[in-house]
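Listed below, chain by chain, are the residues.
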Amino acid sequence: MKQFAEILKEKGLKVTPQRLAVYSALAGTKTHPSAEDIHKKLIADNPSISLATVYKTLDSFKTAGLIKELNFCFEHSNYDADVSNHQHIVCTKCCRVFDVSVKPDDTMRSLVEAESGFEINDEQIVFYGTCPECAAKAKQ
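Since the model is a prediction, treat every value here as computed from it, not as a measurement.

Another aspect to go through is the overall build of the chain. Across its full length, the chain carries six helices and five strands. Reading the secondary structure of the chain in the N-to-C direction produces α-α-α-α-β-β-β-β-α-β-α. With the principal axes as the frame, the chain shows a C-alpha extent of 50 × 45 × 20 Å. With 140 residues in all, the chain has 34% of them scored as buried. With the model as given, the accessible surface of the chain reaches about 9,100 Å², and the carbon-plus-sulfur share is 54%. Each charge sign in the chain was given a centre, from 17 positive and 19 negative side chains, and these centres are 8 Å apart.

The next subject is the sheet that holds strand β4 (residues 97-100). Taken together, the three strands give an open sheet; going across it, the order is β4-β3-β5, and neighbouring strands pair in mixed fashion. Because the sheet does not close on itself, it has two edges, and the strands there are β4 and β5 (126-129). Each adjacent strand pair in this sheet contributes to an overall mean axis angle of 25°, direction not counted. Relative to β4, strand β3 (residues 87-91) is paired through four bridges, and the arrangement is antiparallel. Paired with Gln87 across the strands is Val100, a residue of β4.

Let us now look at the packing of aromatic side chains. All chains considered together, the criterion is met by three aromatic pairs. Where Phe4 meets Tyr23, the ring centres are 3.7 Å apart and the plane angle is 5°; that geometry is what we call stacked. In this pair, Phe4 sits in helix α1 (residues 2-10) while Tyr23 sits in helix α2 (residues 17-27), placing the two residues 19 residues apart along the sequence. Judged by relative accessible area, Phe4 falls into the buried class, the value being 5%. The buried category is assigned to Tyr23, whose relative accessible area is 17%. Residues Phe4 and Phe61 carry aromatic rings whose centres are separated by 5.5 Å and whose planes lie at 85° to one another, so their mutual orientation is edge-to-face.

For the pair helix α3 (residues 35-43) and helix α4 (residues 51-63), the least separation of the axes is 9 Å and the interaxial angle reads 125°. When the interaxial angle is binned, α3 and α4 end up oblique. For the pair α3 and α4, the crossing hand works out as right-handed. Contact residues: α3 offers Ala35, Glu36, Ile38 and His39, while α4 offers Leu51, Val54, Tyr55 and Leu58. Residues belonging to the contact of α3 with α4 are distributed by class as follows: six nonpolar, one polar and one charged.

Examined bridge by bridge, strand β1 (residues 68-73) and strand β2 (residues 76-80) share four bridges and lie antiparallel to one another. The residue of β2 that forms the bridge with Lys68 is Asp80. Taking the residues that link successive antiparallel strands as the turn, the β1-β2 hairpin has two residues.

The subject of this paragraph is a nonpolar patch on the surface. Taken together, Ile89, Phe98 and Phe127 make up a surface patch of nonpolar side chains, about 230 Å² in accessible area. For Phe98, the location among the structural elements is in strand β4.

Turning our attention to α3. Helical geometry: 3.6 residues make up each α-helical turn, so side chains three or four residues apart lie on a common side. Buried within α3 we find Ala35, Ile38, His39 and Leu42. Buried residues of α3, seen end-on, are gathered within an arc of 100° and therefore sit on one face of the element. What points out from α3, more than 90 degrees from its buried face, is the exposed set Lys40 and Lys41. Residues of α3 that are buried make contact with α2, α4 and β2.

Calculation notes
Residues numbered from 1 in each chain as written. Predicted model: local features only at pLDDT ≥ 70, side-chain atom pairs only at ≥ 80, totals over all residues. Heavy atoms only, no water. Helix = DSSP H or I, 4+ residues; strand = E, 2+ residues; numbered from the N terminus. Buried < 20%, exposed > 50% of the residue type's maximum accessible area, 1.4 Å probe, protein only. Areas by Shrake-Rupley, 256 points an atom, 1.4 Å probe, with all protein chains shown as cover. Lys, Arg positive; Asp, Glu negative; His and termini not counted. Charge placed at Lys NZ, Arg CZ, Asp CG, Glu CD. Pairing = 2+ DSSP bridges. Axes fitted to C-alpha atoms, helices over the stretch in contact; angles between N-to-C directions. Phe/Tyr/Trp six-rings, centres within 6.5 Å; stacked < 30°, edge-to-face > 60°. Parallel < 35°, antiparallel > 145°, perpendicular 65-115°, else oblique. Left-handed = near helix turned anticlockwise from the far one by under 90°. Contact = heavy atoms within 4.5 Å. Nonpolar A, V, L, I, M, F, W, Y, C, P; charged D, E, K, R; others polar. Patch = residues over 30% accessible without salt bridge, like charges linked within 9 Å, V, L, I, M, F, W, Y side chains within 5 Å. Salt bridge = Lys/Arg side-chain N within 4 Å of Asp/Glu carboxyl O. Arc of directions from axis to C-beta.

Any link to function would need more than the numbers given here.
Here it is in structure tokens:
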């Protein structure tokens, strides 16, 4: 966590126990939790941390480019500490978000640039479907 404290300082953000706890909870998972999920995880060990603090912390991290906010589900935003370029798949039943290692190829990028006139510097392709757990529940 010392390394992250240095990153916070470099970004001009004050190092606080709450910020370290929020980042630790987010960086320690691949589940793309919501602010509410992070708050539930932290409240046992940090009884004074409020949901508002979690939201404000996530917003400051997002503004500083330390995390990504994912708005794939209408119920809530999810957050990702992995800011590398990668794709996601979202379950339309339970709204869970998963990483996908498949990346768009240069041909697709070139076609989109040619059609739109844009010069693309980043992309995010999102797949939607039913996760295996929700599909199994539906069969029961």
